[in-house]
Amino acid sequence: MGAVAMSTPASQKILRRWRRWRTWVSLVLLGVMFVAAKSFSPVWSQDTSPLLWVSSQPAPEQRDVYVDGVIRLQFDQPLNANLQRLIADLEPPATVIFDVQGNELLLKSRDPLKFSTDYTLTIAPQEGLPLEQTIQLTFRTEPQFTYEKDIKPLLEASCVGCHQPAGRQRTQLLDSYEATLAYVTPGDANSELINPRWTNRHATILNANNPNRPQARGGSPEIAYIQERGLPLSRLGFWTSEEVEMVRTWIVQDGAPRTSARVQAGG
Ligand code: HEC
C-alpha cells in the first residue's frame, strides 16, 4: 500500500507503457543479438563444423597429370592458416610438402612424381584438419615420352625414308602413329619395333658393298626423304642405344601414347 501511495501518476503511466511494450523490446533485442552472432560465426564455426572436401586439381581419376605439379584440394570453408603438421599419404611413396591458402590445401611432391604411374593420395581427419571424412584422391601421371613429341622425330630421322610409300619398304610403313602401332604392343618389351632381329638386316641393306642400298646419287626416294628434311644421312637405319631405350620406355612404361594432355595439377 505504501509503495503505491508513493508513486506519482506520471511514474505509473511509464510503468504501464513499459508493461505494454516490454515484449516487443525484448524481441527486437533478441533479433539484434542473433544477427550479431551470425556475422561472427565464420570465426568459431571453423573449430566446430567439420571440413567438407569440395573439389580438387587434379580431379579424381584425372590422367596425364604433370609430374612436377601442385595438387590443390578445395574445402567449403577456410582452413587453419597456422597448420604446422600434416599427415598425407601418397602411394607409391613420395615426400609431400604442403601449404594453406584460404579454402585450399596445396600439396607438392618434393621430387617429381614418377611418369605413367597411378597415384593415390590419402588424408585422414587429424588435429588442425577436422575433415568430415578421409580424403582419397587417385590420379595418373603423364607419360615420359609420346609419339608426337619424341618418337616421330626418331622414326623420321632413321626409319621413314625406307618405311614410307615411296621407299623400298613401302608395304611396311612407319610413317604414321597408326602404321607404327602395327609393330608395337603397348607394355611389351618384345615389340617388333625394338626387336634386335631386324638390326642385322638393316646393317646388311646399308652395307657399302650392297648394290641395293639407297644411293645418294641417282634419285633414291629414301635419300630424297632424308635430304628434304635436312637430316643427316649417317642416321639412316640407325638408332643409338639411348634412342632404343627411349623407344622401349615409350612402349613399356608409357604404353605407347600418341600425345599427352599434360594436365597441370594446380591451376
Ligand atoms: C635403308 C632402308 C631402311 C631403313 C633406313 C630402315 N629400314 Fe626397316 N626394313 C627395311 C627393309 C628392306 C626391311 C625388310 C628386311 C627383310 O625382310 O629382310 C625392313 C624391315 C623392318 C622391320 C621388320 C618388318 C616386318 O614386318 O618384318 C622393322 C620392324 C623395321 N624394318 C623397322 C625399322 C626401324 C625402326 C628403322 C629405323 C631405326 C628402320 N626399319 C630403318 C629397310 C629399311
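Just above sits the structure.
Residues numbered from 1 in each chain as written. Predicted model: local features only at pLDDT ≥ 70, side-chain atom pairs only at ≥ 80, totals over all residues.

(A) A look at helix 7 (residues 241–252). Between the first and last C-alpha of helix 7 there are 16 Å, a value that for 12 residues agrees with the 16 Å anticipated at 1.5 Å per step. Where helix 7 is concerned, the buried positions are V247, W250 and I251. One face of helix 7 carries all of its buried residues, which in axial projection span an arc of 95°. With respect to the buried face of helix 7, the exposed residues turned more than 90 degrees away are S241, E242 and E245. In this fold, the buried residues of helix 7 make contact with helix 3 (147–158). (Helix = DSSP H or I, 4+ residues; strand = E, 2+ residues; numbered from the N terminus. Expected span 1.5 Å × (residues − 1). Buried ≥ 20, exposed ≤ 12 C-beta atoms within 10 Å, placed from the backbone. Arc of directions from axis to C-beta. Contact = placed C-beta atoms within 7 Å.)

(B) Main features of the environment of Q126. Among the structural elements, Q126 can be located in the loop between strand 6 (118–123) and strand 7 (135–140). Separated by 39 residues in the primary sequence, Q126 and I87 have C-alpha atoms spaced 7.8 Å apart.

(C) Representation of the site of the ligand in the model. The full set close to the ligand counts 21 residues, and S158, C159, C162, Q169 and G237 are the nearest of them. The element best represented in the shell around the ligand is helix 5 (residues 197–206), accounting for five residues. Tallied by class, the residues present in the shell around the ligand amount to 10 nonpolar, seven polar and four charged. (Near = placed C-beta within 6 Å. Nonpolar A, V, L, I, M, F, W, Y, C, P; charged D, E, K, R; others polar.)

(D) Examining the nonpolar core more closely. Grouped together as the largest cluster of nonpolar side chains are 19 residues, with contacts concentrated most on I151, L155, C159, V160, V247, W250 and I251. Contributions of two or more residues to this core are made by helix 3, helix 6 (221–228) and helix 7. Excluding residues that lie within four positions of it along the chain, V160 makes contacts with L155, L174, D175 and Y225. By size, the runner-up hydrophobic cluster in this structure holds 14 residues, among which are L51, L73, F75 and L105. (Core = buried A, V, L, I, M, F, W, Y, C linked by C-beta atoms within 7 Å.)

(E) Representation of unusual backbone geometry within the structure. Of note, the amide linkage connecting Q57 to P58 takes the cis form, showing an omega dihedral of 0°. Turning to its location among the elements, P58 is positioned in the loop between strand 1 (53–57) and strand 2 (71–75). In this model, E91 is joined to P92 through a cis peptide bond whose omega is -5°. Within the element layout of this structure, P92 appears in the loop between strand 3 (88–91) and strand 4 (96–101). The backbone of E61 sits at a positive phi, close to 70°, despite the residue not being glycine. Looking at the secondary structure, you find E61 in the loop between strand 1 and strand 2. Positive phi values are uncommon outside glycine, yet D64 reaches one of about 60°.

(F) Layout of the pairing of strand 6. Residues Y119, L121 and I123 point to one face of strand 6 and are all buried, whereas D118, T120 and T122, pointing to the other face, are not buried. Where strand 3 lies against strand 6, four bridges are found, and the strand directions are antiparallel. Opposite A88, over in strand 6, you have I123 as the bridge partner. Bridge count between strand 6 and strand 7: six bridges; the pairing is antiparallel. Bridged to L121 within strand 7 is L137. (Pairing = 2+ DSSP bridges.)

(G) Structural context of helix 6. Those residues of helix 6 that fall on the buried side of the exposure criterion are E222, Y225 and I226. For helix 6, the angular spread of buried residues about the axis comes to 95°, placing them on one side. The positive-phi residue at the C-terminal boundary of helix 6 is G230, with phi of around 65°.

(H) View of the sheet that holds strand 6. With antiparallel pairing, the three strands of this open sheet are ordered in space as 3-6-7. Two strands in the sheet have a free side with no partner beyond their single neighbour: strand 3 and strand 7. On average, adjacent strands in this sheet sit at an angle of 15° to one another, irrespective of strand direction. (Axes fitted to C-alpha atoms, helices over the stretch in contact; angles between N-to-C directions.)

(I) Representation of the packing of helix 3 against helix 7 within the structure. It is the contact of helix 3 with helix 7, at a shortest axis distance of 11 Å, that shows an interaxial angle of 135°. Comparing the axis directions of helix 3 and helix 7 gives the class oblique. Our pair here, helix 3 against helix 7, has a crossing hand that is left-handed. Between helix 3, through D150, I151 and L154, and helix 7, the contact on the second element is made entirely by E243, M246, V247 and W250. (Parallel < 35°, antiparallel > 145°, perpendicular 65-115°, else oblique. Left-handed = near helix turned anticlockwise from the far one by under 90°.)

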